[in-house]
Amino acid sequence: MSNTPFCPQKRSHAPEELISAVMAVPPKTSLRHAAQDAAKKAFVALYLQPTKPSTELLLVKYMAFLDPFFFFESLCQDVSLHVSQEDPLKPGRHGVFFSSRGEIRIFLNPKGGRRKLDDVLSTLIHEMVHAYLLIFSKKSLAKSPGELYAHDCHGVYWSGLFLSIVNVVRSWHPKLNTFVTRVKSKSSQKAEPNEKESLGLLTKKLTKLSLEEDNGAGGAGDGDEVDIERLFGVEHCSAHEEPY
Ligand SMILES: [Zn+2]
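Keep in mind that this is a model prediction, so the values were computed, not measured. (Residues numbered from 1 in each chain as written. Predicted model: local features only at pLDDT ≥ 70, side-chain atom pairs only at ≥ 80, totals over all residues.)

Remarks on the overall build of the protein
Phase 1: Along the backbone of the protein there are ten helices and three strands.
Phase 2: Counting from the amino terminus, the protein carries its helices and strands in the arrangement α-α-α-α-β-β-β-α-α-α-α-α-α.
Phase 3: For the protein, the residues scored as buried account for 35% of the 244 residues in total.
Phase 4: Partitioning the contacts of the protein with sequence separation of at least 6, the portion at a separation of at least 24 is 67%. (Helix = DSSP H or I, 4+ residues; strand = E, 2+ residues; numbered from the N terminus. Buried ≥ 20, exposed ≤ 12 C-beta atoms within 10 Å, placed from the backbone. Contact = placed C-beta atoms within 7 Å.)

Next up, the structure:
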């Protein structure tokens, strides 16, 4: 490895490298640590603030704090955030990332219903993970290329990174420690007794991916299946455009 700092903006990374970079714990003296510390404190302060601005402004601020903590400030440069009440084309949709124009869209009131703030915030993280992986990954460098776009872009790479980020956010404050679990859709809640087992399988698949460096093995697609849709309620995020 060179000493060059990780730079996702080069847009030519293996998804494994992108995920490892997000989850790496930097030295306490590093600039990255300082940026993460400031971003985490600002995020938690905003989360606990009793009087909140509009949901749209909140999401802009949350994105501005999540970006330096997890994504090397790469998304606020390349991705625009749009918030609206409902998708006129797919009224049940909660969010979408359009890779061709680098745009995250979040829908606050799908089918006329009002979503809780935690639910909307989880959609923001959901779409930021899509954006990061789809913009900066190079499919040919992936150890399991099919997983990048599998399940409408909710394959092992997306689900592994989303889960890892959610677990970090949960650790930031006791009031966040059930974040995402408590906002899961009804279909996901049905799967709750198996959640631990499913997360274990997912971890196994990710570990397998990271070990299959040079042997040309089939990647994570074989063996037991993880019901990602039930685990994360991804049915509310469909029709991501195929990236370049
Ligand atoms: Zn999605």
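Next comes the rest of the description.
Notes on the packing of helix α1 (residues 15-23) against helix α7 (residues 156-170)
Relative orientation and spacing of two packed helices are given, respectively, by the angle between their axes and the distance between those axes.
Phase 1: Where α1 contacts α7, the axes come no closer than 11 Å and their chain directions differ by 0°. Relative to α7, the element α1 lies roughly parallel. Contacts between α1 and α7 involve Pro 15, Ile 19, Val 22 and Met 23 on the former and, on the latter, Tyr 157, Gly 160, Leu 161 and Ser 164.
Phase 2: By residue class, the composition of the contact of α1 with α7 is six nonpolar, two polar and no charged. (Axes fitted to C-alpha atoms, helices over the stretch in contact; angles between N-to-C directions. Parallel < 35°, antiparallel > 145°, perpendicular 65-115°, else oblique. Nonpolar A, V, L, I, M, F, W, Y, C, P; charged D, E, K, R; others polar.)

Brief notes about the sheet that holds strand β2 (residues 95-98)
Phase 1: Ordered by their spatial adjacency, three strands build an open sheet running β1-β3-β2, and the pairing between neighbours is mixed. The open sheet has two edge strands with one neighbour each: β1 (80-84) and β2. Each adjacent strand pair in this sheet contributes to an overall mean axis angle of 15°, direction not counted.
Phase 2: Bridge analysis of β2 against strand β3 (residues 103-107) gives four bridges, and the strand direction is antiparallel. Considered in β3, the bridge of Gly 95 is made with Ile 106.
Phase 3: Relative to the sheet, helix α3 (residues 55-70) contacts β1 and β3, its axis offset from that of β1 by approximately 155°.
Phase 4: Sheet contacts for helix α5 (residues 117-136): β2 and β3; angle to β2, the most-contacted strand, approximately 20°. (Pairing = 2+ DSSP bridges.)

Topic: the nonpolar core
Phase 1: Counting 46 residues, the largest nonpolar core has Leu 66, Leu 124, Met 128, Val 129, Ala 131, Tyr 132 and Leu 161 as the members making the most contacts within it.
Phase 2: Secondary structure elements with two or more residues in this core: α1, α2 (31-48), α3, β2, β3, α5 and α7.
Phase 3: Per-element tally for this core: the top contributor is α5, with twelve residues.
Phase 4: Leaving out residues up to four positions away in the same chain, Leu 124 has contacts with Leu 59, Tyr 62, Met 63 and Ile 106. (Core = buried A, V, L, I, M, F, W, Y, C linked by C-beta atoms within 7 Å.)

Observations regarding unusual backbone geometry
Phase 1: You will see that Phe 72, though not glycine, has its phi angle at about 60°, which is positive.
Phase 2: Positive phi, close to 55°, is recorded for Asp 152, a residue that is not glycine.
Phase 3: Tracing the backbone shows Asp 152 in helix α6 (residues 146-153).

A few points about the environment of Glu 127
Phase 1: Relative to the elements of secondary structure, Glu 127 occurs in helix α5.
Phase 2: If near-sequence neighbours (up to four positions away) are discounted, Glu 127 is found in contact with Gly 95, Phe 97, Ile 104 and Ile 106.

Concerning the confidence of the model for the protein
Phase 1: Residues with a pLDDT of 70 or more make up 72% of the protein, whose mean pLDDT is 80.
Phase 2: Segment residues 182-193 is flagged for pLDDT under 50; beyond a separation of four residues in sequence, or across chains, it makes 20 contacts in the model.
Phase 3: When the criterion is pLDDT under 50, residues 213-223 qualifies, and its contacts beyond four places in sequence or with other chains add up to 15 contacts. (pLDDT = per-residue confidence, 0-100.)

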